[in-house]
2 protein chains.
Amino acid sequence: MPRVIVEVMPKPGILDPQGKAVLGAMPRLGFGGVVDVRQGKRFELELAEEVTEDQLAQVRQVAEALLSNPVIEDYTVRVEAS
Amino acid sequence: MPRVIVEVMPKPGILDPQGKAVLGAMPRLGFGGVVDVRQGKRFELELAEEVTEDQLAQVRQVAEALLSNPVIEDYTVRVEAS
């Protein structure tokens, strides 16, 4: 079944407390090689039919209205090779 | 700066209430072509130096111990082309 991936990440410069918490916890796990962590969301959408340009445009609308907060987050939409 | 992406998704068969909520909201936005939605997490880790096999093994440990719950979630680790 065709699958579309939507990735939502905090915009550059926007404070990311979840990412900072992960970054702060890493040295306690003995892992010191990381200088920054950003945490975002990943959505897998399974579509009923083949992905058309029209459907991708609709997914972008959903990403903008429902899956992300465009003020503080960027999103990308891509079709997963099946 | 080299970047490693960790993607964490609910295992197949594990209930995913966030994904179900998104799926349920889509028809209200007039978007009906989606049959399933899964929601997971995406982490971008910026490393101080070039990614070595040793570091990737450490990132996998972090993914297992800190970024995911291995009982209910799967994770993938990959190096992002820079």
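Cut-off values and rules
Residues numbered from 1 in each chain as written. Chains lettered and ligands numbered in written order. Predicted model: local features only at pLDDT ≥ 70, side-chain atom pairs only at ≥ 80, totals over all residues. Heavy atoms only, no water. Helix = DSSP H or I, 4+ residues; strand = E, 2+ residues; numbered from the N terminus. Rg over C-alpha atoms; globule rule 2.2 N^0.38 Å. Buried < 20%, exposed > 50% of the residue type's maximum accessible area, 1.4 Å probe, protein only. Contact = heavy atoms within 4.5 Å. Areas by Shrake-Rupley, 256 points an atom, 1.4 Å probe, with all protein chains shown as cover. Least-squares fit on C-alpha atoms with pLDDT ≥ 70 in both. 1 Å grid on protein atoms, 1.4 Å probe; cavity = no way out; pocket = protein on both sides within 12 Å on 5 of 7 lines; lining within 4 Å. Points joined across faces, edges and corners; volume = space filled by probe spheres on them. Salt bridge = Lys/Arg side-chain N within 4 Å of Asp/Glu carboxyl O. Buried area = accessible area lost by both parts, 1.4 Å probe. Polar contact = N/O pair within 3.5 Å; in protein donor to acceptor, adjacent residues only side chain to side chain. pLDDT = per-residue confidence, 0-100.

**Section: the overall build of chain A**
Argument step 1. Along chain A, the regular secondary structure elements total 2 helices and 3 strands.
Argument step 2. Over its C-alpha atoms chain A spans a radius of gyration of 16 Å, topping by over 25% the 12 Å that the globule rule assigns to 82 residues.
Argument step 3. Across the 82 residues of chain A, 43% fall into the buried class.
Argument step 4. The contacts of chain A with a sequence gap of at least 6 include a subset with a gap of at least 24, amounting to 73%.
Argument step 5. When the accessible surface of chain A is totalled, it reaches about 4400 Å², and 53% of it is carbon and sulfur.

**What about the relation of the copies chain B and chain A?**
Argument step 1. Here chain B sits on chain A after a turn of 180° about the axis and a move of 0.0 Å along it, with an RMSD of 0.0 Å. Taken together, the rotation and translation describe the operation of a two-fold axis. Judged by C-alpha distance, Lys41(B) is the residue of chain B that lies nearest the rotation axis, at 2.2 Å.

**Describing the environment of Val62(B)**
Argument step 1. Note that Val62(B) resides in helix H2 (residues 53-67).
Argument step 2. Sequence separation between Val62(B) and Val6(B) is 56 residues, and the spatial gap between their C-alpha atoms is 9.7 Å.
Argument step 3. Residues in contact with Val62(B), not counting those within four places in the same chain, are Met26(A), Phe31(A) and Leu67(B).

**Quick look at the layout of surface pockets**
Argument step 1. Roughly 370 Å³ of volume is contained in the largest pocket.
Argument step 2. Along the wall of the largest pocket there are 23 residues; nearest its centre are Gln39(A), Gly40(A), Lys41(A), Gln39(B) and Lys41(B).
Argument step 3. Counted as a void, the second largest pocket has a volume near 290 Å³.
Argument step 4. Looking at the second largest pocket, it is lined by 14 residues, and the ones nearest its centre are Arg3(A), Glu44(A), Met9(B), Pro10(B) and Pro12(B).

**Let's talk about the pattern of salt bridges**
Argument step 1. Under the definition given, this model contains 18 salt bridges over all chains.
Argument step 2. Among the ionic pairs, Asp74(A) bridges to Lys11(A), the shortest N-O distance being 3.0 Å. With a gap of 63 residues between them, Asp74(A) in strand S3 (residues 73-80) and Lys11(A) in the loop between strand S1 (3-10) and helix H1 (17-25) connect regions that are remote in the sequence.
Argument step 3. Between Arg42(A) and Glu44(A) there is a salt bridge, with its nearest N and O atoms 2.7 Å apart.
Argument step 4. Connected via shared salt-bridge partners are Arg3(A), Arg42(A), Glu44(A), Glu46(A), Glu80(A), Glu7(B) and Arg78(B).

**Some details on the interface of chain B and chain A**
Argument step 1. Chain B puts 32 residues into the contact, and the matching count from chain A is 32 residues.
Argument step 2. Here chain B and chain A share an interface that buries about 2800 Å² over both sides, 68% of which is from carbon and sulfur atoms.
Argument step 3. If you look at where chain B meets chain A, you find 2 salt bridges.
Argument step 4. Where chain B touches chain A, the interface holds 12 residue pairs in polar contact (both at pLDDT 80 or more).

**Observations concerning the side chain of Gln39(B)**
Argument step 1. Structurally, the position occupied by Gln39(B) is in strand S2 (residues 34-47).
Argument step 2. Overall, the relative accessible area of 12% leaves Gln39(B) in the buried class.
Argument step 3. What Gln39(B) contacts, discounting residues up to four positions off in sequence, is Lys41(A), Arg42(A), Phe43(A), Met9(B), Pro10(B), Asp16(B), Gln18(B), Gly19(B) and Val22(B).

**A word on the confidence of the model for chain A**
Residue and element names in this part refer to chain A.
Argument step 1. Model confidence for chain A is summarised by a mean pLDDT of 94, while 99% of its residues fall at 70 or above.
Argument step 2. The weakest mean pLDDT in chain A belongs to helix H2 (residues 53-67) at 94; the strongest belongs to S1 at 97.
Argument step 3. Scored by ipTM, the complex comes to 0.92, with pTM at 0.93.

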